[in-house]
Amino acid sequence: MSYLCSQHHRLSLLAVAIAGVLAVPAARAASAPAASLAEAQTLPTVEVHGKALKHDEHAPTRGSLKATQPKSIIGRDYIENSSAPTANYNDVVAIAPSVVNITPNGPGIGDSKGLSIRGFQDGQYNLTWDGVPVGDANDFTHHSSNYFMPQDLGAVTIDRGPGDASTVGYATFGGTVGIHTRDPLPYTQTTLYGSAGSFGTWLYGAEFDTGLLPQYGNARAFIDFRQLNTDGYLSNAKLDRKNLFMKLVKPFGDSTVLSFVSMLNQNSGMNAATVGATSYPYVAVNNGTPPFTSTLPGQIQIFGPSYGLSDNPQSQAYAAQYYNYDTVKTDFEYIGLDSILGGVHVDNKLYTYSDYHNGWNGLDPNGGGCDYGQVNCLMPDGTFPAGADTPNGTVYGPDNIPGQRMYMRYRNWGDILRFSQALGPGMLDYGIWYNRQLYHRFEVNIDLSNNGAINNTVPIKAYGRWINGIFDVAQPYLQYAWAITPQLTLTGGVKYVWFRRHDDAPINQKTKLPSNYSQTWKKALPSLDLHYMITPEWSAYVQAAKGYLAPNENLYYVPDPGQATANVQPEQTTNYQIGTVFRGGRLSLSAALYDIDFSNQVKKTKIAGVTYFQNLGGTRFRGAEVEGSYLLGAGFSLYANASYNKATQDSTGLQLAGVPRTTAAAGVLYHDGAWRASLLAKYTGSNFGDTAVDANGNPIGIYRLPALTVENFNLHYTFPGSSFLPRGSKLGFQVFNLADTHKLAALAGYTGNNVPLFYVVAGRSVMGTLSIALR
């Protein structure tokens, strides 16, 4: 709670502003919006609680009749009844078509280790929170366990495409995962809730909803706090998490809504960069020569599939505070204004968010084939296998444990301003997104056995990086939706993307030299889509759009960044998609085809915890997706989705590493009165962890990972008013990974001695939940 308390001064200022807003009496609208704008410019409505859902709104995912690109909507029903109470957004979206997710420590316990969409990896797709684009400035990736928890989510959308010109963000061409927070309840209620389950997992929290406040112009708000403590599936991979969320919605008359959101989160636990990556006697790559079968014992064979970190103080993977340990403190706030002014719909969000990460780790925590210092890792002659470990030893002693201390801290400030208005036979949309991020990145080699003393006789040489930077983004856009007929709409537009990065580094990464350099990238990105409402229940669309991603900060890690930026082209895509959506009385069905030409794709590989980048040149993504649900009756419905994702490198024709060609999901759901139940399975096809060349110089895939299926079971009961618990109280029971599979899920990288590391599917877990609603 110390971090949450330390934010009190900042939140106090925001609270004063909110109090001022609430004190203003609700004003009457001067005039109603023009009739021609009534449908197109309706203000966002808050959730209607207790409303009967359509049959496909109970399904895990569904399409949208308004979609102009492949889109899956995951509603509150699935989040609340089929996701773990500890879940992060990656666990929620994992059920969707073309999505692959890896959480080796259990549902919601730590960051996702490989959330991808159609083969686009983290950093190549967009993430938004209530429409605000977010991401780390150095590589545009995301940390799924550092922000929102499922109790505060209203819906999650997965747009599998670049969107139209109004879609802003760092990396929109790979798609957008949109997280939408839920609205306050219209009635006063206090909810106490708790969950307990496998891996020593305990979650408990409390929420208070004000309900409508007539004395404050029908404002309403809620505040929600919870704490998570868990040992995790992996050994010595504990996580302690505290999360606070609050939201206020205040209408002004009939045409204006003011909203405020604040989220604070604190995580502490074992090092997220190393936990879950374990070696396996699979194959190894030796100086680029053909792969060979390894004879070294693997950590999985020695310690089991749940090996995470060691309890041996002589190991570089020792699990202890300030050995392999992280603390992460984050926050997110915005003030939103949504209004219709003189026939113009105005939507504005002024926001800030931050991520303060401090970490400690052993120099090479996974150490290769063995966990350093374990007797059962020794060869018969008492020696360690050749190449198995990065040896101990520092300037303070030959047996001391070498390690690293780091921090990455950043703060964002930004604004999204959008306008929409009727113009002629259509709608004109225009606006701008601007974001500034200030960041600081630091790393130094230390002696973990000597209270973190700098591990070098010349201290300055121990520093791996010391970078201060500013990253600015501006994206204005303009588009027009021409209603050719009431059923047919053609939308065209252009977005201008502008990125500027300035690094002032006393010690630049890799070169260890001072560097002060800035670079600007810019590009105009056109988009065009055609949408046709065939019937009120059936729509179709076709889309063409350009995508763009500014180079990562790694481009600066050279003696002359100016020369490097001159020789490297940004990642760009040309996207073509066609699809259809049907939402009938019992059947809901969506299908799409896509073809994406990707130039200058960059591949990331981790070696001893350091990320290295390689330009693959041109790649091409082609595939098909389908999802649907069918209402059987008597409360039962069926759900299924499937995808075919071909992603090949132009120069070799090989499927990209880590991209399965097929994914699928299927299951049965039950919704009747107070009961909710589901049995769902997600299938991920086989794929290669990496690529190499054989003895003849031919490119091949290596580390073939097996196809895997994970099944989850969920059962919930909501108490009616006449029961012994208050009305709206809820009891739940869930089982994740029902069949208890332990297959290898993905290549995690390599040790410092080039031994491959893998993530394993977390074992079976059980969770029980109770919530008590007090009105």
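Computed from a predicted structure; not experimentally measured.

## Section: the overall build of the chain
Within the chain, the secondary structure is distributed over six helices and 37 strands. Counting only residues that meet the buried cut, the chain has 56% of its 775 residues in that class. Within the chain, contacts between residues at least 6 apart in sequence are counted, and of these 68% link residues at least 24 apart. Only carbon and sulfur atoms are counted for the fraction: they give 60% of the accessible area of the chain, which is about 30,300 Å².

## Quick notes on the environment of Val395
The residue Val395 is located in the loop between strand E17 (344-362) and strand E18 (402-423) in this model. Since its relative accessible area comes to 44%, Val395 is described here as partly exposed. For the pair Val395 and Asn456, spaced 61 residues apart in sequence, the C-alpha to C-alpha distance is 6.2 Å. Setting aside its immediate chain neighbours within four residues, Val395 contacts Ile454, Asn455, Asn456 and Thr457.

## Observations concerning the nonpolar core
Membership of the largest hydrophobic core comes to 69 residues, with the highest contact counts inside it found for Trp129, Phe148, Phe332, Tyr353 and Phe499. Ignoring sequence-local partners within four residues, the contact set of Phe332 consists of Trp129, Val132, Phe148, Val261, Ser262, Met263, Thr352 and Tyr353. Of all hydrophobic cores here, the second largest spans 18 residues; its members include Trp360, Tyr407, Val444 and Ile446.

## Let's talk about a nonpolar patch on the surface
On the surface, Leu587, Leu589, Val626, Tyr630, Leu632, Phe636 and Leu638 cluster together into a nonpolar patch covering about 570 Å² of accessible area. Secondary-structure elements contributing two or more residues to the nonpolar patch are strand E26 (587-607), strand E27 (610-633) and strand E28 (636-649). Here the nonpolar patch gets three residues from one element, more than from any other, and that element is E27. Positionally, Leu632 belongs in strand E27. Assessed through its relative accessible area of 45%, Leu632 is described here as partly exposed.

## Overview of the packing of aromatic side chains
Counted by the stated rule, this structure contains 37 aromatic pairs. Seen from their ring centres, Trp129 and Phe148 are 5.6 Å apart, and the 80 degrees between their planes marks the pair as edge-to-face. Here the residue Trp129 occupies a position in strand E4 (residues 126-129), and Phe148 occupies one in the loop between strand E5 (132-133) and strand E6 (153-159), the gap between them amounting to 19 residues. Here Trp129 and Phe148 have matching classes, each one buried. Measuring from ring centre to ring centre gives 4.7 Å for Tyr322 and Trp360, while their planes differ by 75 degrees; the resulting arrangement is edge-to-face.

## Some remarks on the environment of Ile534
Assignment of secondary structure puts Ile534 in strand E23 (residues 515-535). For the pair Ile534 and Phe582, spaced 48 residues apart in sequence, the C-alpha separation works out to 9.7 Å. Here Ile534 is in contact with Ser539 and Ala540, once residues within four sequence places are set aside.

## Considering the pattern of salt bridges
Counting across every chain of the model gives 16 salt bridges. Note that Arg226 and Asp152 form a salt bridge whose closest N and O atoms lie 2.6 Å from each other. With a gap of 74 residues between them, Arg226 in strand E10 (residues 220-230) and Asp152 in the loop between E5 and E6 connect regions that are remote in the sequence. As a salt-bridge pair, Glu207 and Arg182 come within 2.4 Å of each other at their nearest N and O atoms. Placement of Glu207 in strand E9 (residues 201-209) and of Arg182 in the loop between strand E7 (176-181) and strand E8 (189-197) is noted, with a sequence separation of 25 residues between them. By the burial criterion, Glu207 is buried, and Arg182 matches it. Within the structure, one salt-bridge network assembled from shared partners comprises Arg118, Arg160, Glu625 and Glu627.

## A look at the sheet that holds E5
One open sheet holds the five strands; their spatial order is E1-E6-E7-E4-E5, and the pairing between them is mixed. At either margin of the open sheet sits one strand with a lone partner, and together these are strand E1 (71-74) and E5. Sheet topology note: the E1/E6 ladder contains four bridges and is antiparallel. Looking at the pairing, Ile73 lines up with Thr157 of E6.

## Digging into the pairing of E4
Across the two faces of E4 the burial is the same, with Asn126 and Thr128 and Leu127 and Trp129 all buried. Here four bridges tie E4 to E7, and the two strands are oriented parallel to one another. Residue pairing in the sheet places Trp129 in a bridge with Ile179 of E7. Where E4 and E5 come together, two bridges link them in antiparallel fashion. Each bridged residue has a counterpart across the sheet, and for Trp129 the counterpart in E5 is Val132. Count of turn residues in the E4/E5 antiparallel hairpin: two residues, of which Asp130 carries a positive phi of about 50 degrees.

## Description of the pairing of E7
The buried fraction of E7 is high, at five of six residues. Bridge count between E6 and E7: six bridges; the pairing is antiparallel. When the bridges of E7 are listed, Val156 appears paired with Ile179.

## Quick word on unusual backbone geometry
Notably, Asp130 is not glycine yet its phi reads approximately 50 degrees, a positive angle. In this structure Asp130 comes out as buried when scored by relative accessible area, which is 11%. The phi dihedral of Phe199 falls on the positive side, at around 65 degrees, and the residue is not glycine. Mapped onto the secondary structure, Phe199 falls in the loop between E8 and E9.

## Structural notes on the side chain of Arg118
Counting through the fold element by element, Arg118 comes out in the loop between strand E3 (116-117) and E4. Overall, the relative accessible area of 2% leaves Arg118 in the buried class. Of note is the side chain of Arg118, whose polar atom sits 2.9 Å from the side chain of Glu625. Setting aside residues up to four positions removed in sequence, Arg118 forms contacts with Pro70, Ser98, Arg160, Gln577, Tyr594, Ile596, Phe621, Glu625, Asn645 and Val659.

Quick notes on the rules
Residues numbered from 1 in each chain as written. Predicted model: local features only at pLDDT ≥ 70, side-chain atom pairs only at ≥ 80, totals over all residues. Heavy atoms only, no water. Helix = DSSP H or I, 4+ residues; strand = E, 2+ residues; numbered from the N terminus. Buried < 20%, exposed > 50% of the residue type's maximum accessible area, 1.4 Å probe, protein only. Contact = heavy atoms within 4.5 Å. Areas by Shrake-Rupley, 256 points an atom, 1.4 Å probe, with all protein chains shown as cover. Core = buried A, V, L, I, M, F, W, Y, C linked by side-chain atoms within 4.5 Å. Patch = residues over 30% accessible without salt bridge, like charges linked within 9 Å, V, L, I, M, F, W, Y side chains within 5 Å. Salt bridge = Lys/Arg side-chain N within 4 Å of Asp/Glu carboxyl O. Phe/Tyr/Trp six-rings, centres within 6.5 Å; stacked < 30°, edge-to-face > 60°. Pairing = 2+ DSSP bridges. Polar contact = N/O pair within 3.5 Å; in protein donor to acceptor, adjacent residues only side chain to side chain.

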